[in-house]
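Fold and contact review
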Amino acid sequence: MNHVADLLRSHQGHTAKDWTYRSLVAIIILAAGLRVVGISAHGLRPDERASVSIAVGSILTNPIVTADGLFTPGDFWSENTLHNVVEATIAQAAGNQLLFNILLHYWIRLLGTQDFFVRLLSVFFGIFAVLLVYQIALVLCSERVARFASLLSAVHPLLLLYSQEARAYAAATAFSLVGTLIFIRLTGFGRPETTRGGSWCVYGLSVGAALLSHYLTVYIFLGHILFAMLRVRDPRVCAVPERH
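None of the values given here were measured: they were computed from a predicted structure. In this convention, every chain numbers its residues from 1, walking through the sequence in written order. Totals for whole chains, interfaces and linings use all residues, but because this is a predicted model, local features are given only for residues with pLDDT of at least 70 and pairs of side-chain atoms are given and counted only at 80 or more. Here the side-chain values reflect all heavy atoms present in the structure, with hydrogen atoms and water set aside.

Digging into the overall build of the chain
Numbered from the N terminus, helices here are DSSP runs of H or I no shorter than four residues, and strands are runs of E no shorter than two. Within the chain, the secondary structure is distributed over twelve helices and zero strands. Along the chain direction, N to C, the helices and strands of the chain fall in the order α-α-α-α-α-α-α-α-α-α-α-α. Burial classes: relative accessible area under 20% of the type maximum marks a residue as buried, over 50% as exposed, and values in between as partly exposed (1.4 Å probe, protein chains only). For the chain, the residues scored as buried account for 38% of the 244 residues in total. Of all intrachain contacts in the chain linking residues separated by at least 6 positions in sequence, the fraction that spans at least 24 positions is 71%. Contacts were defined at the residue level, with two residues in contact if any of their heavy atoms lie within 4.5 Å.

Structure representation (structure tokens):
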């Protein structure tokens, strides 16, 4: 009887894992579909055009001057260098969204400047954000809550908008969620971290990536600092495990 009971529990466990996997895959497919459908239904907005212009190293306030006075596409693309992308970001956006502009620079080199492909980079960041929301909710709450949270993030209108724009908002959201997930684990939630040094390094990289994607993410990480200052009063968080 005990053997039969063990087999039933094992089967139920496998069934639950299969259901979790299938539901998560369905949510990701839903998120991808909603983000791709209609992505090129309208042309690039002015701010998206500015992002593309910066990503190809063009400073809008600097006219392109040629020897014969004629302007050709080759003259425009001649400025498509990483150095000019950095200069254009500083000149036109005060250095904001630098990392996204660099990523978009190489993305355009790979796929071109069609509206669909230019916006597709944000689609991938948006889908990644849905997975991160699932993981954060799983660490903080439960499997059921994680599925519900990821479903909400998959259909959230603002996140859908971010994922369909050639702007840095989806990337900044994803990098901020990476930092938040690592921070939650480091402060005592979920599975204990066995490699804290490496985790803090990854946390620092995610903070840097988020700030280089958009300056306003600084408020998220200020919230992390505030939470850590309040939680540090709990001696269990700062306790050093005894060595045997």
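What to know about the layout of surface pockets
Cavities and pockets were defined on a 1 Å grid built over protein atoms only: a cavity is a set of grid points that admits a 1.4 Å probe from which the probe cannot escape, a pocket is an open set flanked by protein on both sides within 12 Å along at least five of seven lines, and lining residues are those with an atom within 4 Å of any such point. Grid points are joined across faces, edges and corners, and a volume is the space filled by probe spheres set on the points. Approximately 150 Å³ is the volume found for the second largest pocket. The element contributing the most residues to the lining of the second largest pocket is helix α9 (residues 169-186), with five residues.

Notes on the nonpolar core
Membership of the largest hydrophobic core comes to 48 residues, with the highest contact counts inside it found for L104, I108 and F125. Elements with a minimum of two residues in this core: α1 (2-36), α2 (46-55), α5 (98-111), α6 (115-140), α7 (143-155), α9 and α10 (196-213). Setting aside anything within four residues of it in sequence, one finds L104 in contact with S51, V52, A55, V118 and L121. Among buried residues, the Ala, Val, Leu, Ile, Met, Phe, Trp, Tyr and Cys ones that are joined through side-chain atoms within 4.5 Å form a nonpolar core.

Considerations on α2
The set of residues buried in α2 consists of E48, S51, V52, S53, I54 and A55. The elements touched by buried residues of α2 are α4 (82-93), α5 and α6. Downstream of α2 by a residue or two, G57 has a phi angle that is positive, lying close to 80°.

Observations regarding empty space enclosed by the protein
By the definition in use, this model includes one cavity of 30 Å³ or more. Approximately 40 Å³ is the volume attributed to the largest cavity. Forming the walls of the largest cavity are R35, G126, A129, L159, Y162, S163, A170 and T173. A total of three residues in the lining of the largest cavity trace back to one element, the largest contributor, which is helix α8 (residues 157-163). Of the residues belonging to the lining of the largest cavity, the class tally is four nonpolar, three polar and one charged. Think of it as three bins: nonpolar holds Ala, Val, Leu, Ile, Met, Phe, Trp, Tyr, Cys and Pro, charged holds Asp, Glu, Lys and Arg, and polar takes everything else, Gly as well.

Section: the side chain of R35
Here R35 shows up in helix α1. Think of it this way: Lys and Arg go in the positive column, Asp and Glu in the negative one, and His and the chain ends go nowhere. Salt bridge, as used here: a side-chain nitrogen of Lys or Arg that lies within 4 Å of a carboxyl oxygen of Asp or Glu. E165 is the oppositely charged side chain nearest to the buried, salt-bridge-free R35, at an N-O distance of 12 Å. Dropping the residues within four chain positions of it, R35 is found in contact with V123, G126, I127, V130, S153, A154, L159, L160, S163 and Q164.

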